[in-house]
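Letter by letter, the chains look like this.
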Amino acid sequence: MQHYTKYKQGVTWNAIEAIVIQGLLAANQFLLFRVLPVDFYGLTAVIFSLIYIALPIINLGFDASLPIFINKYITSKSAFKRLLIPQAIAQFAIIACAGGIYIGCINKISKYWFSSVNILQLPNSFFILVLAIIIAESMKKSLRAFTHACFLNRPTMFIELGAVWGYMGLVWGMYFINGSLSLWTIFIPLLIESCWSSAVLVYILITQLYNQFPNTKNTSQVSFTRIFKNRILAYINQLSMIFFTRNFLIPFLSWMFGLAAVGTLKLISELAIFVLVFIEKIFGTTGSALLAHVKFEPLKKRREAFTLLAQQLFFVLFAIIVFLTFNGRSVFCLYCGPIADYYLALLFFFTIIFENIFLMYERFALIEEKIYITILLNLVSAGICFPIAILLNAS
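Residues numbered from 1 in each chain as written. Predicted model: local features only at pLDDT ≥ 70, side-chain atom pairs only at ≥ 80, totals over all residues. Heavy atoms only, no water.

For the structure shown, the criterion picks out four salt bridges. Close ionic contact of Asp63 with Lys141 constitutes a salt bridge, the shortest N to O distance being 2.3 Å. Of this pair, Asp63 sits in helix α3 (residues 62-65) while Lys141 is found in helix α7 (residues 124-149), placing the two residues 78 residues apart along the sequence. Two residues, Glu193 and Lys140, come together in a salt bridge whose shortest N-O distance is 2.8 Å. (Salt bridge = Lys/Arg side-chain N within 4 Å of Asp/Glu carboxyl O. Helix = DSSP H or I, 4+ residues; strand = E, 2+ residues; numbered from the N terminus.)

Structure (structure tokens):
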């Protein structure tokens, strides 16, 4: 019963976070779209997408696998140190190695992705800034996953809200001072915001969680082999889903059709992400936390938790589909302006939204250590979709 109480509280705070914060981020993208040249806005869209598509690649399933054994990690201080700290140290080593490879490949990355960009030359120092953002965002993503798994939704929400306000204040403060925006004035505030959020999340975890752990001897019976196996499977699942995310589609479409074309798609995707994050925050992070905390309960209780989450998710998805069926064109025109091909925009929107149709099945399989089922379905879907996309492009 205590788990369901925490779940309801988590849903409330996550819903507030999703609506307020994603609303602010959508407003920020709307303003950027209005003040930046179309090509330049498309370039920022590609860079944002490349940053966020890099996170699951370098995290190696660390944040995705955290809820699986969260009950083992938080039993005592000794369990936390023995089971989680070595993983965190290994994660830092992985990120350092990935950063070294990235620095060594900067010239090739610049040539491959941005060789057609004529509006400016991207210096190597800017790619170093991107690397710093990826590292800071990776840390923030893992810390946030841990706080959500422990139902620390309220303080996390206030940290995220403060970070977004700070980011927007820095970006638009520089705009009003200088009268224009550059890549530096857009992305340096993102680095500052990520570092600040990570530092405060560490403080919250230490003061509100770690210091409350008992000093008893570690009795958690879970091996690193089991943890590593589930982490690798979670990582493979994340990679199999990348091809269906907007962070893959935007760079891919910019490579095919140019930066100007992808600018409008980026703006449309912000509406989709508003809905997607709302679903993810409520049913993904909080739902995963609930399933993780009943993981070692009898099968009947686990089924009840899953059924509750799945029913609520499908109800929300159905409501979204009905609303957009009758109001989609008005919403798109209000936010994005006149759209030449409304049905193509709607298809792109739902391509992103439907990423979460089987969200609860994926999370339940992950927590129950049967994620290979979801991996197989994702690989089959990719095997069907990509030949169709190649044929359509060829025709």
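Turning to unusual backbone geometry, a few remarks are in order. Positive phi values are uncommon outside glycine, yet Leu60 reaches one of about 50°. Within the secondary structure, Leu60 sits in the loop between α2 (38-59) and α3.

General note: in soluble globular proteins, nonpolar side chains tend to be found buried as a group. In terms of nonpolar packing, the biggest core is built from 42 residues, with Ile47, Phe126, Leu183, Ile186 and Phe187 touching the most fellow members. Elements supplying a minimum of two residues to this core: α1 (2-35), α2, α5 (77-104), α7, α8 (153-178), α9 (183-208) and α12 (259-293). Among the elements that take part in this core, α2 stands out by supplying eleven residues, more than any other. Residues in contact with Ile186, not counting those within four places in the same chain, are Leu32, Leu36, Phe40, Thr44, Phe48, Tyr167, Val171 and Leu181. (Core = buried A, V, L, I, M, F, W, Y, C linked by side-chain atoms within 4.5 Å. Buried < 20%, exposed > 50% of the residue type's maximum accessible area, 1.4 Å probe, protein only. Contact = heavy atoms within 4.5 Å.)

Bringing the packing of α2 against helix α10 (residues 224-242) into the picture now. Each pair of packed helices gets described by two things: the angle between the helix axes and the distance between those axes. The contact between α2 and α10 brings their axes to 9 Å, and the two run at 155°. The angle between the axes of α2 and α10 places the two elements in the roughly antiparallel class. The element α2 and its partner α10 pack so that their crossing is left-handed. For the pair α2 and α10, the contacting residues are Ile53, Pro56, Ile57 and Asn59 in the first and Arg231, Tyr235, Gln238, Leu239 and Ile242 in the second. Taken together, the residues of the contact of α2 with α10 break down into six nonpolar, two polar and one charged. (Axes fitted to C-alpha atoms, helices over the stretch in contact; angles between N-to-C directions. Parallel < 35°, antiparallel > 145°, perpendicular 65-115°, else oblique. Left-handed = near helix turned anticlockwise from the far one by under 90°. Nonpolar A, V, L, I, M, F, W, Y, C, P; charged D, E, K, R; others polar.)

Turning our attention to the packing of α8 against α9. In contact at an axis separation of 9 Å, α8 and α9 are set at 160° when each is read in the N-to-C sense. Between α8 and α9, the angle is such that the two are roughly antiparallel. Taken as a pair, α8 and α9 cross one another with a handedness that is right-handed. On α9, the residues touching Pro155, Thr156, Ile159, Gly162, Ala163, Tyr167, Leu170, Val171 and Met174 of α8 are Thr185, Ile186, Pro189, Leu190, Ile192, Glu193, Trp196, Ser197, Val200, Leu201, Ile204 and Gln208. Here the contact of α8 with α9 is composed, by residue class, of 15 nonpolar, five polar and one charged.

This brings us to the side chain of Gln91. Locating Gln91 in the fold gives a position in helix α5. From its side chain, Gln91 meets the backbone oxygen of Ile58 in a polar contact 3.1 Å long. Setting aside residues no more than four positions away along its own chain, Gln91 makes contact with Ile58, Asn59, Phe62 and Arg231. (Polar contact = N/O pair within 3.5 Å; in protein donor to acceptor, adjacent residues only side chain to side chain.)

Along the chain, the position of Thr147 falls in helix α7. Using a relative accessible area of 0% as the deciding quantity, one classes Thr147 as buried. At 2.8 Å, the side chain of Thr147 and the backbone oxygen of Arg144 are in polar contact. With sequence-adjacent residues up to four places away left out, Thr147 is seen in contact with Leu152, Thr156, Leu201 and Leu205.

This next bit is on the confidence of the model for the protein. A residue-level look at the protein finds 76% of positions with pLDDT of 70 or above and a mean pLDDT of 76. By mean pLDDT, the top-scoring element of the protein is α9 (90), and the lowest-scoring one is helix α6 (residues 106-114) (59). (pLDDT = per-residue confidence, 0-100.)

Turning our attention to α10. The end-to-end C-alpha distance of α10 is 27 Å, a good match for the 27 Å that 19 residues give at a rise of 1.5 Å each. For α10, the full list of buried residues reads Ile227, Asn230, Arg231, Leu233, Ala234, Tyr235, Asn237, Gln238, Ser240, Met241 and Ile242. (Expected span 1.5 Å × (residues − 1).)

For the structure shown, the criterion picks out nine aromatic pairs. Ring geometry for Phe48 versus Phe187: centroids 4.7 Å apart, planes at 40°, classification tilted. Of this pair, Phe48 sits in helix α2 while Phe187 sits in helix α9; the two residues are 139 residues apart in sequence, bridging distant segments of the chain. For the residue pair Phe48 and Phe187, the accessibility class agrees, reading buried in each case. Both rings, one in Phe126 and one in Phe127, keep their centres 6.3 Å apart while their planes meet at 75°; by these two values the pair is edge-to-face. By relative accessible area, which is 4% here, Phe127 ends up buried. (Phe/Tyr/Trp six-rings, centres within 6.5 Å; stacked < 30°, edge-to-face > 60°.)

Taking 1.5 Å as the rise per residue, helix α11 (residues 246-257) with twelve residues should run 16 Å; its terminal C-alpha atoms sit 15 Å apart, in good agreement. Those residues of α11 lying buried are Arg246, Asn247, Phe248, Leu249, Ile250, Pro251, Leu253 and Ser254.

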